[in-house]
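# Observations on the three-dimensional arrangement
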Amino acid sequence: MSTVRRTGGVDPDVEARRPAGPAVRAPAAASVGAPPVRPPTLAHRLEYLLFRVAGGVGRLLGDRGAARLGAALGRFVYHGLGIRRRVVESHIRHAFPGRDEAWVQATAAAAYAHLGREGMALLRLSSLDRAKVRARTEIEGLDAFLAALDRGRGLVLVTGHIGNWEIGGASL
């Protein structure tokens, strides 16, 4: 079992065994039969601007400040904008039928705050180079992963979609 945790150090022995070079990328999807690309709308441009501003502010605030800002944005989306609020609450009610409405709403609000924090962390992650991502990440079980790679036959890495799993992939 391997897990990924954010930390402050890098193991030089493990670092020396990591594959060199850029990450392997999947080939681009074929465009045969694809719908035509529409030019971006004003809403698309505003959304892009919002993400750029949020990422820039998050970098200025540091980890804790960015996490607080992300949580506040998530709560605003839940309470202020109500985006997908009814759907989320409905899913929580179905998953936890014995819980009262106050608990359902508190859980939904907490999920939005969590998503805001993780979104901000992801925006901040995009500004870090590979060495900085690795310096912030400890991977348990990396020796087994690297040993499998050393066999030269490839491997399949399966992970749960839990928490900020993106940082695990970015750190490899």
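Residues numbered from 1 in each chain as written. Predicted model: local features only at pLDDT ≥ 70, side-chain atom pairs only at ≥ 80, totals over all residues. Heavy atoms only, no water.

## A closer look at the side chain of Glu-89
Considering the arrangement of structural elements, one finds Glu-89 in helix α3 (residues 85-95). Judged by its relative accessible area of 6%, Glu-89 is buried. There is a polar contact of 2.5 Å between the side chain of Glu-89 and the side chain of Tyr-78. Look past the residues within four positions of Glu-89 in its chain and what remains in contact with it is Tyr-78, Glu-101, Val-104, Gln-105 and Ala-108. (Helix = DSSP H or I, 4+ residues; strand = E, 2+ residues; numbered from the N terminus. Buried < 20%, exposed > 50% of the residue type's maximum accessible area, 1.4 Å probe, protein only. Polar contact = N/O pair within 3.5 Å; in protein donor to acceptor, adjacent residues only side chain to side chain. Contact = heavy atoms within 4.5 Å.)

## A few points about a nonpolar patch on the surface
Among the surface-exposed residues, Leu-42, Leu-46, Leu-49, Val-53, Val-57 and Leu-61 lie close enough to one another that they form a single nonpolar patch of about 550 Å² accessible area. Note that Leu-42 resides in helix α2 (residues 42-81). Residue class for Leu-42 comes out exposed when judged on its relative accessible area of 63%. (Patch = residues over 30% accessible without salt bridge, like charges linked within 9 Å, V, L, I, M, F, W, Y side chains within 5 Å. Areas by Shrake-Rupley, 256 points an atom, 1.4 Å probe, with all protein chains shown as cover. Salt bridge = Lys/Arg side-chain N within 4 Å of Asp/Glu carboxyl O.)

## Digging into the nonpolar core
Core analysis: the biggest nonpolar cluster contains six residues, these being Tyr-78, Ile-92, Val-104, Ala-108, Ala-109 and Tyr-112. Tallying contributions element by element places helix α4 (residues 101-125) first for this core, with four residues. Those residues within four positions of Tyr-78 in sequence are excluded, and the remaining contacts are Arg-85, Glu-89, Gln-105, Ala-108, Ala-109 and Tyr-112. (Core = buried A, V, L, I, M, F, W, Y, C linked by side-chain atoms within 4.5 Å.)

## Thoughts on the confidence of the model for the protein
Caution applies to low-pLDDT parts of the model: their predicted coordinates are not meant to be read in detail. In this model, the protein carries an average pLDDT of 81, and 81% of its residues clear a pLDDT of 70 or more. The model gives residues 1-11 a pLDDT under 50, and that stretch makes 29 contacts with residues more than four places away or in other chains. (pLDDT = per-residue confidence, 0-100.)

## Considering the pattern of salt bridges
Summed over the entire model, instances satisfying the criterion amount to five salt bridges. A salt bridge links Arg-85 to Glu-89, with the shortest nitrogen-to-oxygen separation between them at 3.0 Å. Of this pair, Arg-85 and Glu-89 both sit in helix α3, separated by four residues, roughly a single helical turn. Judged by relative accessible area, which is 24%, Arg-85 ranks as partly exposed. A salt bridge links Arg-93 to Glu-101; its shortest N-O distance comes to 2.6 Å. Taking relative accessible area as the criterion, Arg-93 reaches 32% and is therefore assigned partly exposed. A relative accessible area of 35% places Glu-101 in the partly exposed class. It is possible to trace a salt-bridge network through shared partners that takes in Arg-85, Glu-89, Arg-93 and Glu-101.

## Let's talk about the packing of α2 against α4
Across the interface, α2 lies against α4 with an axial gap of 7 Å and an inter-helix angle of 160°. If you check the angle between α2 and α4, you find them roughly antiparallel. The way α2 lies across α4 gives a crossing that is right-handed. Of the residues in the contact of α2 with α4, the class split is 15 nonpolar, eight polar and five charged. (Axes fitted to C-alpha atoms, helices over the stretch in contact; angles between N-to-C directions. Parallel < 35°, antiparallel > 145°, perpendicular 65-115°, else oblique. Left-handed = near helix turned anticlockwise from the far one by under 90°. Nonpolar A, V, L, I, M, F, W, Y, C, P; charged D, E, K, R; others polar.)

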